[in-house]
Amino acid sequence: MSLTDKTAADLLTLQAKGAATAAEITDAFLAAVRDREPKVRAFMLVDEADARRQAAAVDAKRKAGQPLGRLAGVPVAVKDVLCTKGVRTTCSSKILETFVPPYDAHVVERLKAEDAVLIGKTNMDEFAMGSSTENSAYQTTRNPWDLARIPGGSSGGSAAAVAAGEAPVSLGTDTGGSIRQPAALCGIVGLKPTYGRVSRYGLIAFASSLDQVGPFTRDVTDCALMMEAIAGHDGRDSTSVDRPVPAYTASLNDPVKGLRIGVPKEFFGEGLDAEVGAAVRAALKEYEKQGATLVDVSLPHAPYGLAAYYIVAPAEASSNLARYDGMHYGYRTKEKADLITTYSKTRGEGFGKEVQRRIMIGTYVLSSGYKDAYYVKALKVRRLIKGDYDAAFEKCDVIMGPTTPTAAFKAGEKSDDPLAMYLSDIYTVSCNLAGIPGVSIPCGFTKGGLPIGLQLLSPPFDEEKMLRIARMYEAATDWHTKRPKL
Ligand code: GLN
């Protein structure tokens, strides 16, 4: 097996045994990037020389017998929505084409402190708005399992990079499903932490009450490892919660006894592809085989999740994106004009179609005449959705269902139909509205060879148990060991 087929945990073991150096590992992944990028197009930027320099520093530390971080010598790809000091950060938007942040995001600092090797920035839907990466102003990332299809979005580049073996692990962000949905469509693990578990400092804001940073990995063990690295309190994000970070990797192989799995009927209704539904039901059977009990639960307000999300998220986006005015940083129209015209030309030329659509929806639902009818109503629905989850978790430890209604769709198939695109998040958005954690793990393939994801949702700050539950299934199956042929 080549180095690029390994997990981060494998790579750490190889280095500890002296069987590989950080330099060799980094070179192997950089070679894979060179080889596969023309097909996959997962990266916005790769800095080979800088990656090699970081790897050499790790090897030197090891040689000198200095203490090493928990990700020492592990290459990591980072979504281009996270600020990286001195490294261009575009959000895959034209408006930030030349933006070079003067500081690192908290999670990037954490990766560096753990001696990870940052190899590059990944492609995404512009400002994380989308489900296919087709809204990037620069390129469309392809699904490594079928290059005619999309990898999901908005963190499609980060998901495709891991699935393609261009990086063993990566970071994405999830506002309405942007980690879990692409993880499912690319056949890997993707976790959205509890709101407040991971600092958003240095994450370029889309919808601040929903955004969370989380890992993409090949298996649950690496996911636990990444969570240990990035979770924890940070005073620079006022929503960051000061709560100890469990040793997620330590308990991972302890199966949960007397496990009760909540199965909401709302996740198995109209619109669910038959093959996806069958794979998820088979996964539930596997849990039953291991002694788990399936419990019927109901999330009666789930059908309103998408509608509420597409009011709350654009409302917050319209406010967050007001800062891009061509004055402070980023793109400015070439046209010489008065102030107001400069603003509108800059934004008209700098933002893509979907971002403009969201800003218009957002300002509309917040406007004085309509805010009670839309924004305030959506907040009430959000509260009811949270209440549904609270009630459901009284009867079960975890909720399970499909991550997405279908497997990966073809590039171009939904790009002219925003509503069809929005529907791909039907099972993921309510988790963000409720602030709870969720993870998608591989649970099979369609007859056509496309990956399918199983979604696990847990009570707030219950990531440790959620990962143990995910590991129970993974330990009994081999979906996570499959690699696409590229
Ligand atoms: N696809 C959803 C949207 O377009 C979710 C995006 C995300 O989680 N960043 O808003």
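Scroll up to find the structure.
Residues numbered from 1 in each chain as written. Predicted model: local features only at pLDDT ≥ 70, side-chain atom pairs only at ≥ 80, totals over all residues. Heavy atoms only, no water.

Right, let's talk about the overall build of the chain for a bit. On a plain count of helices and strands, the chain comes out with 15 helices and 11 strands. Taking 23 Å as the expected radius of gyration for a compact globule of 486 residues, we find that the chain reaches 21 Å, a close match to that expectation. With respect to the principal axes defined by its C-alpha atoms, the chain has extents near 65 × 55 × 45 Å. Relative to its full complement of 486 residues, the chain shows a buried share of 59%. Contacts in the chain between residues far apart in sequence, at least 24 positions, make up 75% of those at least 6 positions apart. In the structure as shown, the chain presents an accessible area of about 17,900 Å², 54% of it carried by carbon and sulfur atoms. If you average the places of the 59 positive and of the 57 negative side-chain charges in the chain, the two averages end up 0 Å apart. (Helix = DSSP H or I, 4+ residues; strand = E, 2+ residues; numbered from the N terminus. Rg over C-alpha atoms; globule rule 2.2 N^0.38 Å. Buried < 20%, exposed > 50% of the residue type's maximum accessible area, 1.4 Å probe, protein only. Contact = heavy atoms within 4.5 Å. Areas by Shrake-Rupley, 256 points an atom, 1.4 Å probe, with all protein chains shown as cover. Lys, Arg positive; Asp, Glu negative; His and termini not counted. Charge placed at Lys NZ, Arg CZ, Asp CG, Glu CD.)

Here the focus is the site of the ligand. Near the ligand lie 15 residues; those nearest to it are Gly176, Ser178, Tyr309, Arg358 and Asp425. Between the ligand and the protein, one listed contact pairs an oxygen atom with a backbone N or O atom of Gly130 at 2.8 Å. Within the side chain of Arg358, an N or O atom sits 2.7 Å from an oxygen atom of the ligand. Residues of the shell around the ligand, tallied by class, amount to 5 nonpolar, 7 polar and 3 charged. (Near = heavy atom within 4 Å. Polar contact = N/O pair within 3.5 Å; in protein donor to acceptor, adjacent residues only side chain to side chain. Nonpolar A, V, L, I, M, F, W, Y, C, P; charged D, E, K, R; others polar.)

As defined by bridge partners, strand E7 (residues 260-264) adjoins strand E8 (residues 293-297) across 5 bridges and the pair is classed as parallel. From the neighbouring strand, Pro264 faces E8, where its bridge partner is Val297. Since E7 and E8 lie parallel, the crossover through helix H8 (residues 274-289) that links them has a hand, and here it is right-handed. (Pairing = 2+ DSSP bridges. Right-handed = clockwise from strand over helix to strand, strands pointing away.)

This part takes up H8. The terminal C-alpha atoms of H8, which comprises 16 residues, lie 23 Å apart, in line with the 22 Å expected from a rise of 1.5 Å per residue. Burial in H8 covers these residues: Val276, Gly277, Ala279, Val280, Ala283, Leu284, Glu286 and Tyr287. Close packing links the buried residues of H8 with E7, E8, strand E9 (398-402), strand E10 (438-445), strand E11 (451-457) and helix H15 (463-476). For H8, the capping residue at the N-terminal end is Asp273, with a side-chain oxygen 3.0 Å from the backbone nitrogen of Glu275. Of the residues trailing H8, Gly291 is marked for its positive phi of about 100°. (Expected span 1.5 Å × (residues − 1).)

So, about the nonpolar core. Leu82, Leu111, Phe127, Tyr287, Tyr389, Ile441 and Leu456 are the most contacted members of the largest nonpolar core, which totals 108 residues. For this core, the leading source of residues is helix H9 (residues 305-320), giving 9 residues. Once residues lying within four places of it in the same chain are set aside, the contact partners of Tyr287 are Leu259, Ile261, Ala292, Met400, Ile441, Leu454, Leu456, Ile469, Ala470, Met472 and Tyr473. One finds Val40, Ala55, Val58 and Ile119 within the second-largest nonpolar core, a separate group that totals 17 residues. (Core = buried A, V, L, I, M, F, W, Y, C linked by side-chain atoms within 4.5 Å.)

Let's shift gears to the sheet that holds strand E4 (residues 169-174). Strand order across the open sheet formed by 11 strands is E1-E3-E2-E4-E6-E5-E10-E11-E9-E7-E8, with mixed pairing between neighbours. The open sheet has two free edges, formed respectively by strand E1 (43-46) and E8, since each of these has just one partner strand. When the angles between neighbouring strand axes are averaged without regard to direction, this sheet yields 30°. In the sheet, E9 pairs with E11 via 4 bridges, with the strands oriented antiparallel. By the bridge assignment for E11, Gly401 is matched with Gln455. Sheet strands in contact with helix H12 (residues 372-393) are E8, E9 and E11, and its direction is about 115° off that of E9. (Axes fitted to C-alpha atoms, helices over the stretch in contact; angles between N-to-C directions.)

The next thing to look at is the environment of Gly18. Topologically, Gly18 is positioned in the loop between helix H1 (8-16) and helix H2 (22-40). Residue Gly18 is classed as exposed on the basis of its relative accessible area, which comes to 61%. Taking the C-alpha atoms as reference, Gly18 lies 35 Å from Arg180; in sequence the two are 162 residues apart.

Here we take up the environment of Val355. On the secondary structure map, Val355 appears in helix H11 (residues 353-366). Along the backbone, Val355 and Leu321 are 34 residues apart, and their C-alpha atoms lie at a distance of 9.2 Å.

Taken across its 5 residues, strand E2 (residues 75-79) has 5 buried, putting it largely inside the fold. Because side chains alternate across E2, one face comprises the buried residues Pro75, Ala77 and Lys79, and the other comprises Val76 and Val78, equally buried. Note that E2 and strand E3 (residues 117-122) share 5 bridges and pair parallel. From the neighbouring strand, Ala77 faces E3, where its bridge partner is Gly120.

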